[in-house]
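Residue-level structural notes
The chain contents come next:
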Amino acid sequence: MRLSLVGISHHHAPVEVRERVALSSTEASGLARELENAVVLSTCNRTEVYAVGDDAEQRALAALRARGGDEVAARTYRLADHAAALHLFRVAAGLDSLVPGEGEILGQVRAAYEAGSPDALLNRLFHDALHAGKKARAQTTIAESPASVPAASAALAQQVFGELGGRNVLVVGAGKIGELAGRSLTARGARLVAVANRSRDHGAELARRFGAVAVDLDDLATKLATADVVVTCTSAPGFVIGREHVRTRRGRPLFLIDLAVPRDIDDLEAVVKTSLAGRRREAERAEGLVAAEAERFRAWQASLDVVPTIASLRARAEAIRSAELSKAKLSDEEREAVDSITSQIVNKLLHLPTIRMKEAAAAADGVLYADAVRHLFGLEDER
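Residues numbered from 1 in each chain as written. Predicted model: local features only at pLDDT ≥ 70, side-chain atom pairs only at ≥ 80, totals over all residues. Heavy atoms only, no water.

Describing a nonpolar patch on the surface
A cluster of nonpolar side chains, Ile341, Ile345 and Leu349, forms an exposed patch at the surface whose accessible area comes to about 310 Å². By the element assignment, isoleucine 341 lies in helix α13 (residues 332–361). (Patch = residues over 30% accessible without salt bridge, like charges linked within 9 Å, V, L, I, M, F, W, Y side chains within 5 Å. Areas by Shrake-Rupley, 256 points an atom, 1.4 Å probe, with all protein chains shown as cover. Salt bridge = Lys/Arg side-chain N within 4 Å of Asp/Glu carboxyl O. Helix = DSSP H or I, 4+ residues; strand = E, 2+ residues; numbered from the N terminus.)

Here it is, written out as structure tokens:
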């Protein structure tokens with residue numbers, strides 16, 4: 001029941017290498033079925049194969065090499081058992097993300113699991129990983145402190161409006177900062193409705209990702225009439241939004257965030273700097289929670305090594321009990337009573353040895369305990 005992880009991520013490879021093995025949900029599901037007993041997690045920052053079996057690592061590595069070549073294979077990381085589980089738990093909690101604490105990854109882990117080909121061990125692994133991710137978010141505020149200027153702007157917008165659900169966002173400028181600001185605002189419940197950009201084609205690409213519409217800068221007044229939050233991040237030397245653009249608002253509040261003006265960015269950087277200290281503290285708390293959950297999984301996985309011995313011991317005890325009971329000359333009523341009593345006796349006798357073997361399995365001497373029990377009860381031939 002060896003658990004293996006083979007992956008590539010933003011920590012180890014540039015985007016031009018990662019994109020060679022960036023898989024759609026359909027492709028990831030197909031690879032999981034191809035490998036059997038596997039789950040494939042593929043996002044913009046990582047592609048990871050979790051698989052079970054003695055040759056799982058070799059098969060997973062071969063699959064990534066076949067899709068991305070030797071350079072992808074050379075940049076992969078390979079983890080097994082407890083290390084692989086701990087890594088997944090950190091991923092689910094957002095602790096391994098490009099922006100620590102981001103919430104999108106938890107849904108991506110769930111989607112990968114549901115589309116995978118998991119056996120019992122992977123079922124337990126991903127169930128526990130999702131639990132760990134939720135717990136880290138519920139018991140810490142790691143996901144609440146903005147760690148970038150766009151995230152800080154979204155946090156300030158939420159402070160202004162209280163809740164961003166139902167609020168319309170207009171992004172002016174279709175660069176990376178505009179995209180990050182859009183993601184941060186929509187993650188907090190807002191809706192990106194339009195992208196205005198000097199190049200309409202470039203704006204259309206960003207708009208498509210958010211289900212928004214692309215407009216020319218000349219159409220700003222129309223979209224400003226219904227926007228609640230406007231994020232500007234252009235390189236234009238002059239003013240993009242003037243008084244004439246907002247005359248139609250008639251007193252309705254409008255929150256303007258200018259991420260192109262250095263002084264405004266300095267203000268937001270101060271918010272980020274303050275929040276990063278808190279995020280680091282929360283990350284330490286989240287790491288502790290995740291480590292504890294991973295340790296529980298490790299103990300459970302280790303206990304699987306003694307399950308065959310426990311099953312054999314119980315089967316031997318039950319066979320002896322049934323054989324002796326069959327020899328007794330009893331009425332149906334007496335047989336029913338004796339059957340119940342002897343079943344309880346066997347269960348009580350084996351309860352503590354079962355617990356002790358599972359506990360020992362979590363330590364280094366678990367296999368020794370199991371071998372000793374097999375020897376003492378003559379179970380060697382039942383391997």
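Moving on from the coordinates now.
Section: the pairing of strand β6 (residues 191–196)
For β6, the tally of buried residues reaches 5 of 6 residues, placing the bulk of the element in the interior. Strand direction decides the pairing type here: strand β5 (residues 168–172) and β6, joined by 5 bridges, are parallel. Note that in β6 the partner of leucine 170 across the bridge is alanine 194. Following the chain from β5 across helix α8 (residues 176–187) to the adjacent parallel β6, one finds a crossover that is right-handed. Pairing of β6 with strand β7 (residues 213–215), which is carried by 3 bridges, proceeds in the parallel orientation. Paired with alanine 194 across the bridge in β7 is valine 213. You can see the chain leave β6, run along helix α9 (residues 200–210) and come back into β7, and the turn it takes is right-handed. (Buried < 20%, exposed > 50% of the residue type's maximum accessible area, 1.4 Å probe, protein only. Pairing = 2+ DSSP bridges. Right-handed = clockwise from strand over helix to strand, strands pointing away.)

Brief notes about the sheet that holds strand β9 (residues 255–258)
If you walk across this open sheet you meet the 5 strands as β7-β6-β5-β8-β9, and the pairing is parallel. This sheet does not close on itself; its edge strands, each paired only once, are β7 and β9. Recorded for the sheet is a direction-independent mean angle of 20° between the axes of neighbouring strands. Running over the sheet, α8 touches β5, β6 and β8 (229–232) and is turned about 155° from β8. (Axes fitted to C-alpha atoms, helices over the stretch in contact; angles between N-to-C directions. Contact = heavy atoms within 4.5 Å.)

Focus on the sheet that holds strand β3 (residues 46–52)
Taken in spatial order, the 4 strands line up as β2-β3-β1-β4 in an open sheet, and their pairing is antiparallel. Only two strands of the sheet have a single partner each, and these edge strands are β2 (38–42) and β4 (77–80). This sheet shows a mean twist of 15° between the axes of neighbouring strands, independent of strand direction. Pairing of strand β1 (residues 3–9) with β3 involves 7 bridges; the strand directions are antiparallel. Counted as the bridge partner of isoleucine 8 is threonine 47 from β3. Where helix α4 (residues 81–92) meets the sheet, its contacts fall on β1, β2, β3 and β4, and the angle it forms with β4 comes to roughly 110°. Each of β2 and β3 is contacted by helix α5 (residues 104–115), which is oriented at about 145° to β2, the strand it contacts most.

Overview of helix α6 (residues 120–139)
Counted at 1.5 Å a residue, the expected span for α6 with its 20 residues is 28 Å, and the 28 Å between its end C-alpha atoms agrees. When α6 is considered as a whole, its buried residues turn out to be Leu121, Leu122, Leu125, Phe126, Asp128, Ala129, Leu130, Ala132, Gly133, Ala136 and Arg137. For α6, the N-terminal cap is aspartate 119; the gap from its side-chain oxygen to the backbone nitrogen of leucine 121 is 3.3 Å. (Expected span 1.5 Å × (residues − 1). Polar contact = N/O pair within 3.5 Å; in protein donor to acceptor, adjacent residues only side chain to side chain.)

Some thoughts on the packing of α4 against α5
At their nearest, the axes of α4 and α5 sit 8 Å apart, and the two run at 130° to each other. Between α4 and α5, the angle falls in the class oblique. Judged by residue contacts, Leu88, Val91 and Ala92 of α4 engage Ile105, Leu106 and Val109 from α5. (Parallel < 35°, antiparallel > 145°, perpendicular 65-115°, else oblique.)

Let's talk about the nonpolar core
Ranked by internal contacts, the top residues of the largest apolar core, which has 33 residues, are Leu3, Leu88, Phe89, Val109, Leu122, Leu125 and Phe126. Those elements giving two or more residues to this core turn out to be β1, β2, β3, α4, α5, α6 and α11 (262–303). Top contributing element to this core by residue count: α6, with 8 residues. Among residues more than four places away in sequence, those in contact with leucine 3 are Ala51, Val52, Leu79, Ala80, Asp81, Ala84, Ala85, Leu121, Leu122, Leu125, Phe297 and Gln301. (Core = buried A, V, L, I, M, F, W, Y, C linked by side-chain atoms within 4.5 Å.)

Some thoughts on unusual backbone geometry
Phi angles above zero are rare outside glycine, and asparagine 37 is one such case at about 50°. Taking the relative accessible area as the measure of exposure, asparagine 37 reaches 32% and is therefore partly exposed.

Brief notes about the packing of helix α12 (residues 307–327) against α13
Look at α12 against α13: their axes get within 10 Å of each other, and the N-to-C directions meet at 160°. As the angle between them shows, α12 and α13 are arranged roughly antiparallel. Here the hand of the crossing between α12 and α13 comes out right-handed. Contacts from Thr309, Ile310, Leu313, Arg314, Ala317, Arg321, Leu325 and Ser326 in α12 reach Arg335, Val338, Asp339, Thr342, Ser343, Val346, Asn347, Leu350, His351, Thr354, Met357 and Lys358 in α13. Of the residues contributing to the contact of α12 with α13, the split by class is 8 nonpolar, 7 polar and 5 charged. (Left-handed = near helix turned anticlockwise from the far one by under 90°. Nonpolar A, V, L, I, M, F, W, Y, C, P; charged D, E, K, R; others polar.)

Observations regarding the pairing of β5
By the criterion of burial, β5 is predominantly enclosed, with 5 of the 5 residues buried. The two faces of β5 match: Asn168, Leu170 and Val172 on one face and Val169 and Val171 on the other face are all buried. Pairing between β5 and β8: 4 bridges, direction parallel. The residue of β8 that forms the bridge with valine 171 is valine 231.

Some points on the side chain of serine 184
Secondary-structure assignment places serine 184 in helix α8. Under the relative-accessibility criterion, serine 184 is labelled buried at 17%. With residues up to four places along the chain from it excluded, the contact list for serine 184 reads Pro150, Ala151 and Ala154.

Distances and angles like these do not, on their own, reveal function.
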